Structure formats: structure tokens, C-alpha cells
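Chain by chain, the residues run as shown.
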Amino acid sequence: MTASQTFDRCRPLTSLRLSVEVAALVAVLAACSAFLPWAQARPGARLSDPLLELLPSADLSEPIFVLTYGSLAVVLVVLLRSNRERLVTALRAYSLMVLLRMLTIALIPLEPPEGIIPLRDPIFMLGGPGQYIDHDLFFSGHTATAVLLLLAADRPWLRRLGTATVAAMIPALLVQHCHYTLDIAAAIPAALLAWRAAVTTRACASGPACTCALGIPR
């Protein structure tokens, strides 16, 4: 049986699981939207960051937005058309990453860095115009998302896109001064942990003739 034939036999199960994962992600994002105003209102500690003190600051909100959601759209569309099993795993990993991030933000309240330039992200804006979330610091969600896109990539050109996204995202966030260096560094192992947990907990119950985990590394 070829890989294409195997995937076709998996499709009914995968489509159901895809719907479940999308519903779970919507629920997690709704919970995160309710959580962020509470996190925003809390006082926290301000850290010393020698690297940020050395770097110039600039508003890179628009490039960061295009980089994040452009890469996200490309990876999701490619996986939806060619590898839905891997897409299911990627969605689960993202849900787990958001839950882990909510936990770390709750446990480690931080004040934004000195000289922060608020990151204007219309998808995660708090309140009306001019009101931004800047207490969702540890760990960096943008960095973790970029790393997850790299892990989800299933072909060489997508991996190159993922690598370029991570390589561009990290300095852009530092120049924006919207995260401490620690926030960005911690996002990498957090994303790896979420991906590993998603891979480990995936299910395949369609029988011995169907290999559901096509292209997903353990």
C-alpha cells in the first residue's frame, strides 16, 4: 500500500480528529482571552536584561505580525492539503503550548522591560484601540509559535521557511523590547515540550492496515 493510499484510508478518522482538535483549540484560546485581562492587571517583578540595554529599539509590530501569521497560514494550508495527521498533531501542540504559557504567566508575573514598545497584534489586543497586553511575558508566545511551525513542517522548503521564521522572530522581538531575553529563550524548550507531548498523546485506532502517524517523528 502506498503512502497516498494509506492516507486515504485514514482520512475519515483524521477528519473527525481534526474537528475535535480545532474545537479544543478554540476552547483553549477562549480561556486564554479570559485569562489575559487578569494577568494584565497583576503587578510583577521587573528584571535586569543586559542584552536589551545594548540593543536599539524600534517598532516592528507589522513585520512581526506578517511573519507570524503569514508563516502560520502557509504551514496550515500545506498540512491541510497534504498531511492532515500532522496537522492534528500541530493543533494539539499549539493548544498545549497555550495552556503551558498560561501556567507560566500565572506563576511568574513580570513587569514589562524598560523601554518596551507595545506589540500591536490585532488578534490579541486587550480592550479598545491603544490598549495592549504587555504582562504576558514568560514565555514568548510568538517565539514558541515559530518553533512549533518549524517542528510541524513536513517537507524541506517548509522547514527552511520555519527556520527563517525563527531566525527572524527572535531578533525582531528583542528590538521591539516587548520580551526579556529569558522569555524568548524559555519559549524554545516550551515549544519542544508541547510538540513532544502532542506526538506522545496522539491516537491511532483505525487498524493495522492504516498507519495514521505519517511523517510525524517520535
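(A) Here's a closer look at the packing of aromatic side chains. Counted under the stated rule, the structure contains two aromatic pairs. With a centroid separation of 5.5 Å and an interplanar angle of 45°, the aromatic rings of Phe35 and Trp38 are classed as tilted. Linking Phe35 with Trp38, this pair stays in helix α1 (residues 3–41), spanning three residues, or about one helical turn. Take Phe35: its relative accessible area is 13%, and that puts it in the buried class. Exposure remark for Trp38: the relative accessible area of 45% places this residue in the partly exposed category. Centre to centre, the rings of Phe65 and Tyr69 are 4.8 Å apart; their planes meet at 45°, and the pair counts as tilted. Placement of both Phe65 and Tyr69 in helix α3 (residues 61–82) is noted, with a separation of four residues, approximately one turn of the helix. On the basis of relative accessible area, Phe65 is assigned to the partly exposed category, the value being 29%.

(B) View of the confidence of the model for the chain. With 82% of its residues at a pLDDT of at least 70, the chain reaches an overall mean of 85. Note on residues 1–10: pLDDT is under 50 here. Beyond four places in sequence and across chains, it has 18 contacts. When the criterion is pLDDT under 50, residues 205–218 qualifies, and its contacts beyond four places in sequence or with other chains add up to 34 contacts.

(C) Seen up close, the packing of α3 against helix α5 (residues 141–152). At a closest axis distance of 10 Å, the pairing of α3 and α5 adopts a crossing angle of 30°. It follows that α3 is roughly parallel to α5 by the angle criterion. Crossing handedness for the pair α3 and α5: left-handed. On α5, the residues touching Ile64, Thr68, Ser71, Leu72, Val75 and Leu79 of α3 are His142, Leu149 and Ala152.

(D) Representation of the pattern of salt bridges within the structure. For the coordinates displayed, the defined rule picks out five salt bridges. Between Arg92 and Glu21 there is a salt bridge, with its nearest N and O atoms 2.6 Å apart. In this pair, Arg92 sits in helix α4 (residues 84–107) while Glu21 sits in helix α1, placing the two residues 71 residues apart along the sequence. Residues Arg92 and Glu21 agree in their burial class; the two are buried.

(E) Main features of the nonpolar core. Counting 51 residues, the largest nonpolar core has Met97, Phe139, Leu173 and Trp195 as its most contacted members. Elements with a minimum of two residues in this core: α1, α3, α4, α5, α6 (156–176) and α7 (181–201). Ignoring anything within four residues of it in the chain, the contact list for Met97 reads Phe139, Gly141, Ala144, Thr145, Leu148 and Ala194.

(F) Layout of unusual backbone geometry. For the bond from Phe138 to Phe139, the omega torsion is 10°, close enough to zero to count as cis. Relative to the helices and strands, Phe139 is located in the loop between α4 and α5.

(G) Here's a closer look at α7. Between the first and last C-alpha of α7 there are 31 Å, a value that for 21 residues agrees with the 30 Å anticipated at 1.5 Å per step. The largest bend along α7 measures about 25° and falls at Ala187, with the proline Pro189 one to four residues further on. Within the span of α7, buried status applies to Asp183, Ile184, Ala186, Ala187, Ala190, Ala191, Ala194, Trp195, Ala198 and Val199. Each element contacted by the buried residues of α7 is listed here: α4, α5 and α6.

(H) A look at the environment of Ala185. In this fold, Ala185 is placed in helix α7. You can call Ala185 partly exposed: its relative accessible area is 44%. For Ala185 and Ala144, which are 41 residues apart along the polypeptide, the C-alpha to C-alpha distance reads 9.5 Å.

Reading the values: rules and limits
Residues numbered from 1 in each chain as written. Predicted model: local features only at pLDDT ≥ 70, side-chain atom pairs only at ≥ 80, totals over all residues. Heavy atoms only, no water. Phe/Tyr/Trp six-rings, centres within 6.5 Å; stacked < 30°, edge-to-face > 60°. Helix = DSSP H or I, 4+ residues; strand = E, 2+ residues; numbered from the N terminus. Buried < 20%, exposed > 50% of the residue type's maximum accessible area, 1.4 Å probe, protein only. pLDDT = per-residue confidence, 0-100. Contact = heavy atoms within 4.5 Å. Axes fitted to C-alpha atoms, helices over the stretch in contact; angles between N-to-C directions. Parallel < 35°, antiparallel > 145°, perpendicular 65-115°, else oblique. Left-handed = near helix turned anticlockwise from the far one by under 90°. Salt bridge = Lys/Arg side-chain N within 4 Å of Asp/Glu carboxyl O. Core = buried A, V, L, I, M, F, W, Y, C linked by side-chain atoms within 4.5 Å. Expected span 1.5 Å × (residues − 1). Bend = angle between axes of the 7 residues up to and from the residue.

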